[in-house]
Amino acid sequence: MTTPPLEREAYDPHTVQDRWLPVWDRLDLYRAGRAAGAEKKYVLDMFPYPSGDLHMGHAEAWAIADVVARYWMRRGFDVLHPPGWDSFGLPAENAAIKRGEHPATWTYANIEVQAESFRRYAIAFDWSKRLHTSDPEYYRWTQWLFTRFLERGLAYRKSSAVNWCPQDQTVLANEQVVQGACERCGAVVTKRELTQRFFKVTDYADRLLDDMEQLKGSWPDRVLLMQKNWIGRSVGAHVDFVVGSETVTVFTTRPDTLYGATFFVVAADAPLALSLCAPDRLAALEAYREQVAAATDIERQATDRPKTGVDLGARALNPVTGEQVPVYAADYVLADYGTGAIMAVPAHDQRDLDFARAFDLPVRVVVDTGAEDPAVTGVATAGDGVLVNSGPYDGLRKDEAIERIVADLEARGAGTGAVNYRLRDWLLSRQRFWGTPIPVVHCDGCGLVPVPDDQLPVVLPDLRGDALRPAGTSPLAGATEWVNTTCPTCGGAATRDTDTMDTFVDSAWYFLRFCNPDYLDGPFDPEAVRQWMPVDQYVGGVEHAILHLLYARFFTKALHDMGLLDVTEPFSALMNQGQVILNGSAMSKTTGNLVNLGDELSRFGVDAVRLTMVFAGPPEDDIDWADVSPSGAVKYLARVARLGEDVGSLPLSDVRDVAVDKVVAKTVDEVTRLVEVHRLNVAVARFMELTSALRKAHDAGAVGVASLRDGVEALAVMLGCFAPYTAEEVWSRLGHDVDGGDSVHASTWPSADPLLLVEETVTCVVQVAGKVRDRLEVAPDIGEDELRALALASDGVVKALDGRAVKVAIVRAPKLVNVVPA
RNA sequence: GGGGCCGUAGCCCAACUGGCUGAGGCACACGGUUUAGGUCCGUGACAGUGCGAGUUCGAAUCUCGUCGGCCCCA
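What you are looking at is a predicted structure, and each value in this text was computed from that prediction instead of being measured.

1. Some thoughts on helix 23 (residues 680-699)
The terminal C-alpha atoms of helix 23, which comprises 20 residues, lie 29 Å apart, in line with the 28 Å expected from a rise of 1.5 Å per residue. In the core, the buried residues of helix 23 are packed alongside helix 2 (56-74), helix 20 (606-615), helix 21 (630-648), helix 22 (658-676) and helix 24 (705-719). Downstream of helix 23 by one or two residues, G701 has phi in the positive range, about 130°.

Next up, the structure:
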């Protein structure tokens, strides 16, 4: 191919993009399996939601992951890097209502726009692995998996007080309620008593917690910490209190404080409060319950909130002391945590103490921590200590006491050691349209009947526009023809379940489907999954630290237990890239604080935007677009292109220049290490230094042409992972027949000749009292004594000592000697 | 209230297990190139590492305190 000469004056990135993109498409460079037989690597970004075109955040995340993917390709690994879309969800539905369309119209149009942007952005995707979760070919298998969970009792229905978003008109999982508000729309979440479907995540609480051990070091610590806190395992005991004719079990982490339990509290909104209440207190309780219903969970749990409650006129029998203590209903105890009831130990729990002081209840110290009496100070003592006022347990240390008391409770059948979790089961049903239909049929005769596998998928009916308006029940209920069906078991009249699944169900297993998205005989191809799983590098925002990552881990473990998967953890390594912000705050359409990715790409070109993204700082740091300089990246890339042109046009020769070879080897060595540990910004800095060094060598007279060519070639290969277009341009300038298949993106990562990395002399710094006074060129393997003698005799040292005696000379051969004067 | 992270030039950020008063980029200044204050090439200036103390032969790096910012849990 004859390439038009590159204009000196203007390096136009768009020309270069237009030149290479079609060539790459034809060469099909990134297909998984190209390096069949080589060790595999699976690189994955958290797949995007198709809301409009790609934005700056996408550009950062994919730029980072693409460097990793391309690096591994250059290193000879067989790399899977697939594109896909998390394409069910509310924004499509809301858009469809507004436009009077089907949600698919908006969704698939956006997917096409994003796909084209990814292509132009030069992400090294294997497009043959593309998937969309809203395709019937995909959600068929989401339904199939749901049925498996159902069969194993891992999916179930129950009635409970659930989170309800009044804006989106649907229930939400606990994980989707952030600070009391809907994670998606921000509306304040309320509670509703509804029958909903759940996944039994709590069955896996221990393993989700314990298996994090194997993720340590390759997942960010803070993500592991957040998951740990979310699961919230606490060890303690269940203790049975008898209230009237009922036995009420409480969970406590402090069974050692049973002697200090001076009252008993049930959650005001729990049904238990009503059943324990004395008849003459019912009116007061009802009034209080109304008040409580109006408060949000955040308000209820605020520590500085005045404690309120109602005396239920009942007594609870403490199984250890035989004491009868008063029973209150209060809102600081939550109905859905533990058993919804607690034994209150005001001396050693701050909230109990606050309540005791408000209601003038006794405070009895049973663990002597050495601190002052909580009844006096108002500060509960939660620390370690020795038991007092505790009958036979007096004098025991806290941990001994816990052990003994639990044993005694168990012996008497009044309690048992227990573990409690903060984690709740995952509420998966939604009252919205654009999601995976729950494949269950309601039959009067047979009850709830799962749709048989051979009748999947249960395809969404064609609803559009106003038919999708949320009304508190799923829009699917309005599709009469769709709802009315026959029972797969008895053949009689039956109705379909009208709820859809949380879109987090779709994304809890997509990484498995990616291994072979065309597989027809199951949700994923066991052979392909065995080959590619687990994901070697997962890249995504920290906002999924709990939600998606917890669900994906749960699915992986559950599928493992079903014998469908070998692995127990889906993602071996996780990287959280930062956000792209502007002028110190998040980009937002509503405030106009926004940079449009398409505009930036038009102004600076793809490579400059990609390079700016990775050069701005460590991948996990936020990038303030106002602080960085895409035009600087443009200039740098133009410099590289010119270097490629100049060096490429030198007459071929075998002459080498060891100095150049050394600089190149050193850069290759360093960049390799930097990319391995994802210090991509530093790697770019090294590229810039190498570029300057090669430029200088070239301008100095171009001896050692072979070294120069090899240097530019190595630069092109490495830079190709970051700035694929410019690198290809340079590669082609060096004489490679890209059109014929010799693309820089099919080349091999350079290796640094170890011999070139060895320095034959090292500069030894000679300090006197910590200040540099001389430098010596010494052999790298110089002996300590020899170096000490050399240093002491050096001019700088003699001068600095000025006749003073030497107390000691610290020698760190071969790099440093520090002479300490007496 | 508890726990964690961070603080390097005007700005963004490097610096392996403490060891050469510290990389790269942006912005800036000067010189050359130029019709051009643009591009390019070159040169240069700018930091003693938030502040205070300690440990050490030696501290950006370790310890303590303090100020400031961020995150998680409660």
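2. Focus on the confidence of the model for chain A
Per-residue pLDDT for chain A averages 89, and the proportion of residues at 70 or more is 97%. Least confident of the elements in chain A is helix 10 (residues 297-301), whose mean pLDDT is 63; most confident is helix 16 (residues 510-513), at 98. Counting contacts from residues 1-9, a segment whose pLDDT is below 50, to residues more than four positions away or on other chains yields 16 contacts. For this predicted complex, the interface confidence score (ipTM) comes to 0.90, while the overall pTM stands at 0.90.

3. A short note on the sheet that holds strand 5 (residues 155-165)
An order of 6-5-9-19 is seen for the four strands of this open sheet, with the pairing classed as antiparallel. Every interior strand has two partners, whereas the edge strands, strand 6 (170-172) and strand 19 (426-427), have only one. Sheet topology note: the strand 5/strand 6 ladder contains three bridges and is antiparallel. In the sheet register, C165 faces strand 6, and the bridge partner there is T170.

4. Points about the protein's contact with RNA strand B
Inspection of the region around RNA strand B gives 28 residues, with P618, E689, V772, R775 and N818 positioned closest. Near the protein, within 4 Å, the atoms of RNA strand B are sugar or phosphate in 74% of cases. Between A616 and RNA strand B, the recorded distance is 2.8 Å, taken from a backbone N or O atom to a sugar or linking oxygen. R679 places a side-chain nitrogen or oxygen 3.3 Å from a phosphate oxygen of RNA strand B. At the level of elements, helix 7 (221-231), helix 21, helix 23, strand 31 (762-768), strand 32 (771-778), strand 33 (806-812) and strand 34 (816-821) are the ones that each hand at least two residues to the surface near RNA strand B. Top element by residues in the surface near RNA strand B is helix 23. It accounts for six residues. Partitioned by chemical class, the residues of the surface near RNA strand B number 12 nonpolar, five polar and 11 charged.

5. As for the packing of aromatic side chains
In this structure the tally under the stated criterion is 40 aromatic pairs. On the numbers, 6.3 Å between centres and 20° between planes, the contact of F433 with W434 is stacked. W434 sits in the buried class, given a relative accessible area of 6%. Its end group placed over the ring of W72, K41 keeps NZ or CZ at 4.5 Å from the ring centre. We note R422 situated over the ring of W230; from NZ or CZ to the ring centre the distance is 4.6 Å.

6. Considering the sheet that holds strand 1 (residues 40-45)
On the basis of which strands lie adjacent, the open sheet formed by four strands has the order 2-1-26-27 and parallel pairing. Bordering the open sheet on either side are strand 2 (78-80) and strand 27 (574-576), each of which pairs with just one other strand. Averaged over all pairs of adjacent strands, the angle between their axes in this sheet comes to 20°, without regard to strand direction. One ladder, built from three bridges, connects strand 1 with strand 26 (residues 537-540); its direction is parallel. Looking at the pairing, D45 lines up with V539 of strand 26. Most of the contacts of helix 2 go to strand 1, to which it runs at about 170°, and overall it touches strand 1, strand 2, strand 26 and strand 27.

Procedures and definitions
Residues numbered from 1 in each chain as written. Chains lettered and ligands numbered in written order. Predicted model: local features only at pLDDT ≥ 70, side-chain atom pairs only at ≥ 80, totals over all residues. Heavy atoms only, no water. Helix = DSSP H or I, 4+ residues; strand = E, 2+ residues; numbered from the N terminus. Expected span 1.5 Å × (residues − 1). Contact = heavy atoms within 4.5 Å. pLDDT = per-residue confidence, 0-100. Pairing = 2+ DSSP bridges. Near = heavy atom within 4 Å. Polar contact = N/O pair within 3.5 Å; in protein donor to acceptor, adjacent residues only side chain to side chain. Nonpolar A, V, L, I, M, F, W, Y, C, P; charged D, E, K, R; others polar. Phe/Tyr/Trp six-rings, centres within 6.5 Å; stacked < 30°, edge-to-face > 60°. Buried < 20%, exposed > 50% of the residue type's maximum accessible area, 1.4 Å probe, protein only. Lys NZ or Arg CZ within 6 Å of the ring centre and 35° of its normal. Axes fitted to C-alpha atoms, helices over the stretch in contact; angles between N-to-C directions.

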